[in-house]
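One letter stands for each residue in the lines below.
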Amino acid sequence: MKKIKEKFLNLIDMHQGIIHKIVSIYTYQEEERQDLFQEILLQLWKSYPGFKEKSLFSTWMYRVSLNTALQYKRKIRTEQNAMINLKDNISNYFQVDANNQVISLYMAIDELGQVDKAIALLYLEQKNYQEIAEIMGMNKSNVGVRINRIKNKLKKILDYEQ
Amino acid sequence: MNNNDKKDKELLHIWGEAGNTIQQQQQLNKVKMETLLNNTSHDLLSGIRKLLKADALFKALLILGFLTISLLNLSNLFVMATTLICLGIITWSISSERKLIEKIEDLKQTNTDINNSLKSQLKFYKVNIYRYPFMLALSAAMFYIIGSLFYHQIKYETISPVKDITDGVVLLSFLLLGIVISFIANFPIFKARISLIQHLLKDIEEPELIESHLKENEQKKQRLLLITAILIVIGIIVFVSLFILFIGTPAFQDAGAQNSILNYNLDISLMDFTFFIILLA
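Residues numbered from 1 in each chain as written. Chains lettered and ligands numbered in written order. Predicted model: local features only at pLDDT ≥ 70, side-chain atom pairs only at ≥ 80, totals over all residues. Heavy atoms only, no water.

> Please clarify how the nonpolar core should be interpreted in this entry.
A general feature of soluble globular proteins is that nonpolar side chains tend to end up buried together. Counting residues in each nonpolar core, the largest one holds 118 residues, and the members touching the most others are A:Tyr106 and A:Met136. There are two domains that each give this core at least three residues, and those are domain 1 (1-83) and domain 2 (97-162) of chain A. If we skip the residues at most four places from it in the chain, A:Tyr106 touches A:Ser24, A:Ile25, A:Tyr28, A:Ile90, A:Phe94, B:Trp15, B:Ala18 and B:Ile22. (Core = buried A, V, L, I, M, F, W, Y, C linked by side-chain atoms within 4.5 Å. Buried < 20%, exposed > 50% of the residue type's maximum accessible area, 1.4 Å probe, protein only. Domains from an automatic or database assignment. Contact = heavy atoms within 4.5 Å.)

This is the structure in structure tokens:
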């Protein structure tokens, strides 16, 4: 058991950036980030015995992590201070200036639906349409259509922010 | 390179920058991650699994309780009949809970894509939306019954059937009310999760596929509701019959009002009320 855990932790350590990136787009408060990170880690550990190594470990990680993030119960944000808090939270998280493009991108991603966020992340991680389709369980043409829609939306918001 | 391609590259560049920042600032060491692995998951399925295991353990204790009370009343037909029925219900319930736990184990995300994983979970929640809260509600009802039996055993050193039909109806009403309230308390958990998953699937899938899934699950839900209703009605009939059957027994007639299981003087009312509150909790 100890050996399996060690192997698992080594693999997670190599790819933990995946979890952090997913957490960064699905939560914006520190407490929720830590909570979701932990939850994803636990789900990966529980599912690890079933990982048959037929796919890449990173692909499997994306699948499990995104599935967990999609069903994660977030705290309800009231509209009033949501935008201000969001900008501050992202700014603090990345320790960048409030006008930085990273903040604009994250705020643009925040406007996407939950599933679109997952597809956007996979696209930005430079996964091809086939890989995205396999992870999400969608057909390839549907993925293409959605990515174009997402890209246009993101670009539109980024242009507006600039 | 046209404008569109430039903007695409820009998006990827910004994302890459963000990724590097995250990598530098948020990286956790293996020791810290191992510590996190020792924590409890807040996942709904994990919570349900733990609750079912705890409930099965509680039901095992109830079995001990019923066996004890029956050993103390070997010649009491009423107690033996009640014990037999309750043991049957508890055993069936534990078996159902074991199957539920196995189904939850099967839902662990392994090599399936997100869409299929969500569909499997939706199926699980829709099929068990009534079974799960009903199993928990049964524990409360059984606890109420064994509590009442033990109380009368301790106070009157004997257990007698009801004095009249009103007593039986009152007992049954408390039992059913407790089951219904416990059921209602646990039902929304599944309902909320079903709503979330349906919304996600709607977002992923084509609308017509969602419709066929929903129709199929709706039919299953109605079938399950009908079976549950029939079982409850049969249960009520059996219970009331038992009470009516024992009203006219000589043993009961000789025992007198004081030893009646449902002598509604103040002491018994308070005790029954206490059990009812515990049942509600």
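Here the narrative resumes, following the displayed structure.
> I'm lost on unusual backbone geometry in this one. Help?
Where the residue is not glycine, phi is negative for most of them; where a peptide bond is considered, it is trans in most cases. Phi is positive for A:Gln126, close to 65°, though the residue is something other than glycine. For B:Glu157, which is not a glycine, the phi torsion comes out positive at approximately 60°. Relative to the helices and strands, B:Glu157 is located in the loop between helix 6 (131-156) and helix 7 (165-204). (Helix = DSSP H or I, 4+ residues; strand = E, 2+ residues; numbered from the N terminus.)

> Honestly, the domain arrangement of chain A in this entry has me stumped. Any pointers?
By convention, interface size is frequently given as the accessible area that disappears when the constituent parts associate. All names here are of chain A. Each domain of chain A was delimited in the assignment, giving domain 1 (1-83) and domain 2 (97-162). Contact with domain 1, which involves 15 residues of that partner, is made by 14 residues of domain 2. Both faces combined, the contact of domain 1 with domain 2 buries some 1,500 Å², and carbon together with sulfur accounts for 63% of it. Inspection of the domain 1/domain 2 interface yields one salt bridge. (Buried area = accessible area lost by both parts, 1.4 Å probe. Salt bridge = Lys/Arg side-chain N within 4 Å of Asp/Glu carboxyl O.)

> Can you help me understand helix 2 (residues 30-47) of chain A in this one?
Each α-helix winds once per 3.6 residues, and so residues spaced three or four apart point in a common direction. Helix length check: helix 2 of chain A (18 residues) gives 26 Å between terminal C-alpha atoms against 26 Å at 1.5 Å per residue, within 8%. Counting buried residues in helix 2 of chain A gives 13 out of 18 residues, a clear majority hidden from the surface. (Expected span 1.5 Å × (residues − 1).)

> It is not clear to me how a nonpolar patch on the surface should be interpreted in this structure. Could you clarify?
Residues B:Ile85, B:Leu226, B:Ile230, B:Ile234 and B:Val238 make up a contiguous nonpolar surface patch of about 420 Å² in total accessible area. Looking at which element gives the most residues to the nonpolar patch, the answer is helix 8 (residues 207-247) of chain B, with four residues. (Patch = residues over 30% accessible without salt bridge, like charges linked within 9 Å, V, L, I, M, F, W, Y side chains within 5 Å. Areas by Shrake-Rupley, 256 points an atom, 1.4 Å probe, with all protein chains shown as cover.)

> It is not clear to me how the interface of chain A and chain B should be interpreted in this structure. Could you clarify?
With 61 residues of chain A in contact, the opposing surface of chain B contributes 48 residues. Viewed at the interface, chain B and chain A are joined by three salt bridges. Close ionic contact of A:Lys155 with B:Asp8 constitutes a salt bridge, the shortest N to O distance being 2.6 Å. On the surface where chain A and chain B come into contact, there are 21 residue pairs in polar contact (both at pLDDT 80 or more). Elements represented by at least two residues in the side of chain A that touches chain B include exactly helix 1 (2-26), helix 2, helix 3 (57-70), helix 4 (79-94), helix 5 (101-110), helix 6 (114-124), helix 7 (129-136) and helix 8 (140-161) of chain A. For the side of chain A that touches chain B, the class distribution of residues is 28 nonpolar, 19 polar and 14 charged. (Polar contact = N/O pair within 3.5 Å; in protein donor to acceptor, adjacent residues only side chain to side chain. Nonpolar A, V, L, I, M, F, W, Y, C, P; charged D, E, K, R; others polar.)

> Explain the packing of helix 6 of chain B against helix 7 of chain B here, please?
Packed helix pairs are characterised by how far apart their axes lie and by the angle those axes make with each other. All names here are of chain B. The contact between helix 6 and helix 7 brings their axes to 8 Å, and the two run at 150°. Between helix 6 and helix 7, the interaxial angle falls into the category roughly antiparallel. When the axes of helix 6 and helix 7 are compared, the crossing they make is right-handed. For the pair formed by helix 6 and helix 7, the contact residues are Tyr-132, Pro-133, Phe-134, Leu-136, Ala-137, Ala-141, Tyr-144 and Ile-145 on the first element and Leu-171, Phe-174, Leu-175, Ile-179, Ser-182, Phe-183, Asn-186, Phe-187 and Phe-190 on the second. (Axes fitted to C-alpha atoms, helices over the stretch in contact; angles between N-to-C directions. Parallel < 35°, antiparallel > 145°, perpendicular 65-115°, else oblique. Left-handed = near helix turned anticlockwise from the far one by under 90°.)

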